[in-house]
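Notes for the structure review
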Amino acid sequence: MGLLGDELAFGRALTAPEHESVMALGRRKEYPADAPLLTEGDRTGHVVIVLRGWVTVSLTTDRGATRLILGLRGPGELLGEMAALDNHPRSATVRALGAVEAAVIGGDAFRRFLATHPRVSGLVIRQLTFRLRSADQERSALASLTVLQRLASRLTELSRVAPSGPYAPSAPGPGRANAVVHLAQDELAATVGATREAVAKALRLLRTQNVVRTGTRMVEILDPALLALLAEGHRE
């Protein structure tokens, strides 16, 4: 399972001249916390490049009211490229986590730029391929892993996020050397495609085994090695 973007985000993969040219195509825009940058089902065609802050990528499930978080995207990430390229409705909602600054580029201008810059076009194709593979892995995990395994995998992943991320582990403090993931239970549930009740039950089991400690919007990883084994489906 993987919630985070490519290791080399689109914006960071550009050369300095390419980056300057891409930024000149659009305008900078600031978004407050929880504001949508892109909305599922819309027929807009622009793309956004995150410059500062983090966003969630989510969609509504067949049940309608349930939200499934597909990814977390940070600085340098390109978003909305599928609708810009195929002129279909948006496939997911992108929402700001905290204050976000992004470059907004019209679809026509973006397509013209790609047509004359094959290396940049290749970067977009690489990103699309990476995200499709990641989506396949997520679907496979939803179908084959238990809620406990999915939760263990997600906590293991998020505990390794760089400290600048929104769900990043806290830096170890005096008397504590464990990673702490700052997420509410309903947010955790949305990242693993489960109900809040199922995630609460899994967390209770992890607590009884002294794998994690929980608090308000907080999960402290006490035994990362055992958590990783649970994520892989091992049994003692």
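A quick note: this is a predicted structure, and the numbers were derived from the prediction, not measured.

Here we take up the layout of surface pockets. Space inside the largest pocket adds up to approximately 730 Å³. Along the walls of the largest pocket sit 33 residues, with Val 57, Leu 70, Met 82, Ser 91 and Ala 92 positioned nearest its centre. In terms of residue count, the dominant contributor to the lining of the largest pocket is helix α5 (residues 118-144) (8 residues). Its residues placed into classes, the lining of the largest pocket shows 18 nonpolar, 7 polar and 8 charged.

A word on helix α2 (residues 16-23). Residues Glu 18, Val 22 and Met 23 constitute the buried set of α2. Axial view of α2: buried residues confined to an arc of 130°, hence all on one face. More than 90 degrees from the buried face of α2, the exposed residues found are Ala 16, Pro 17 and Glu 20. On its buried face, α2 is in contact with β3 (47-60), β6 (93-105), α4 (107-116) and α5.

This next bit is on the confidence of the model for the protein chain. Here the protein chain averages 85 in pLDDT, while 86% of its residues score no lower than 70. Averaged pLDDT values for the elements of the protein chain fall to 81 in strand β4 (residues 67-73) and rise to 97 in strand β1 (residues 27-31). With pLDDT under 50 throughout, residues 167-176 is counted as low confidence; its partners more than four residues away or in other chains account for 27 contacts.

Right, let's get into the sheet that holds strand β9 (residues 218-221). A sheet is described by the order of its strands in space; here 3 strands give the open sequence β7-β9-β8, paired in antiparallel fashion. At either end of the open sheet lies a strand with only one pairing partner, and these are β7 (180-181) and β8 (212-215). Summarising the sheet, β7 and β9 pair through 2 bridges and their orientation is antiparallel. Along β9, the bridge assignment pairs Val 180 with Glu 220.

Turning our attention to α4. Regarding α4, the residues found buried are Gly 107, Ala 109, Phe 110, Phe 113 and Leu 114. Buried residues of α4, viewed axially, fall in a sector of 165°; they line one side. Exposed side chains of α4 directed beyond 90 degrees from the buried face belong to Arg 112, Ala 115 and Thr 116. Where the residues of α4 are buried, they touch α2, β3, β5 (78-79), α3 (81-86), β6 and α5.

The subject of this paragraph is the packing of helix α6 (residues 147-158) against helix α8 (residues 196-208). Two numbers describe how α6 lies on α8: the axes approach to 9 Å, and their chain directions differ by 75°. In terms of axis orientation, α6 runs roughly perpendicular to α8. On α8, the residues touching Val 147, Leu 148, Leu 151 and Leu 155 of α6 are Ala 198, Val 199, Ala 202, Leu 203, Leu 205 and Leu 206. A breakdown of the residues in the contact of α6 with α8 according to their chemical character gives 10 nonpolar, no polar and no charged.

Bringing the nonpolar core into the picture now. Counting residues in each nonpolar core, the largest one holds 26 residues, and the members touching the most others are Leu 151, Leu 155, Leu 188, Val 199, Leu 203, Leu 206 and Val 212. Counting only elements with at least two residues in this core, the list comes to α6, α7 (185-192), α8, β9 and α9 (224-231). Considering each element in turn, this core owes the most residues, 5 residues, to α6. In this structure, Leu 203 is in contact with Leu 151, Leu 155, Gln 185, Leu 188, Val 212, Thr 214 and Val 219, ignoring residues within four places of it in sequence. Listed in part, the 19 residues of the second largest apolar core include Met 23, Ala 103, Phe 113 and Val 120.

One pass over the full model with this rule turns up 10 salt bridges. Here Arg 131 and Glu 77 are joined by a salt bridge, their closest N and O atoms 2.9 Å apart. A residue pair is termed long-range when its members are at least 10 positions apart, and Arg 131 in helix α5 and Glu 77 in the loop between β4 and β5 qualify at 54 residues. Judged by relative accessible area, Arg 131 falls into the buried class, the value being 17%. A relative accessible area of 5% places Glu 77 in the buried class. Asp 108 is the salt-bridge partner of Arg 111, the closest N and O atoms lying 2.2 Å from each other. Taken together, the residues span about one helical turn, with Arg 111 and Asp 108 both in helix α4 at a distance of 3 residues. Put simply, Arg 28, Glu 30, Arg 52 and Glu 101 are held in one network by salt bridges that share partners.

The rules we used
Residues numbered from 1 in each chain as written. Predicted model: local features only at pLDDT ≥ 70, side-chain atom pairs only at ≥ 80, totals over all residues. Heavy atoms only, no water. 1 Å grid on protein atoms, 1.4 Å probe; cavity = no way out; pocket = protein on both sides within 12 Å on 5 of 7 lines; lining within 4 Å. Points joined across faces, edges and corners; volume = space filled by probe spheres on them. Helix = DSSP H or I, 4+ residues; strand = E, 2+ residues; numbered from the N terminus. Nonpolar A, V, L, I, M, F, W, Y, C, P; charged D, E, K, R; others polar. Buried < 20%, exposed > 50% of the residue type's maximum accessible area, 1.4 Å probe, protein only. Arc of directions from axis to C-beta. Contact = heavy atoms within 4.5 Å. pLDDT = per-residue confidence, 0-100. Pairing = 2+ DSSP bridges. Axes fitted to C-alpha atoms, helices over the stretch in contact; angles between N-to-C directions. Parallel < 35°, antiparallel > 145°, perpendicular 65-115°, else oblique. Core = buried A, V, L, I, M, F, W, Y, C linked by side-chain atoms within 4.5 Å. Salt bridge = Lys/Arg side-chain N within 4 Å of Asp/Glu carboxyl O.

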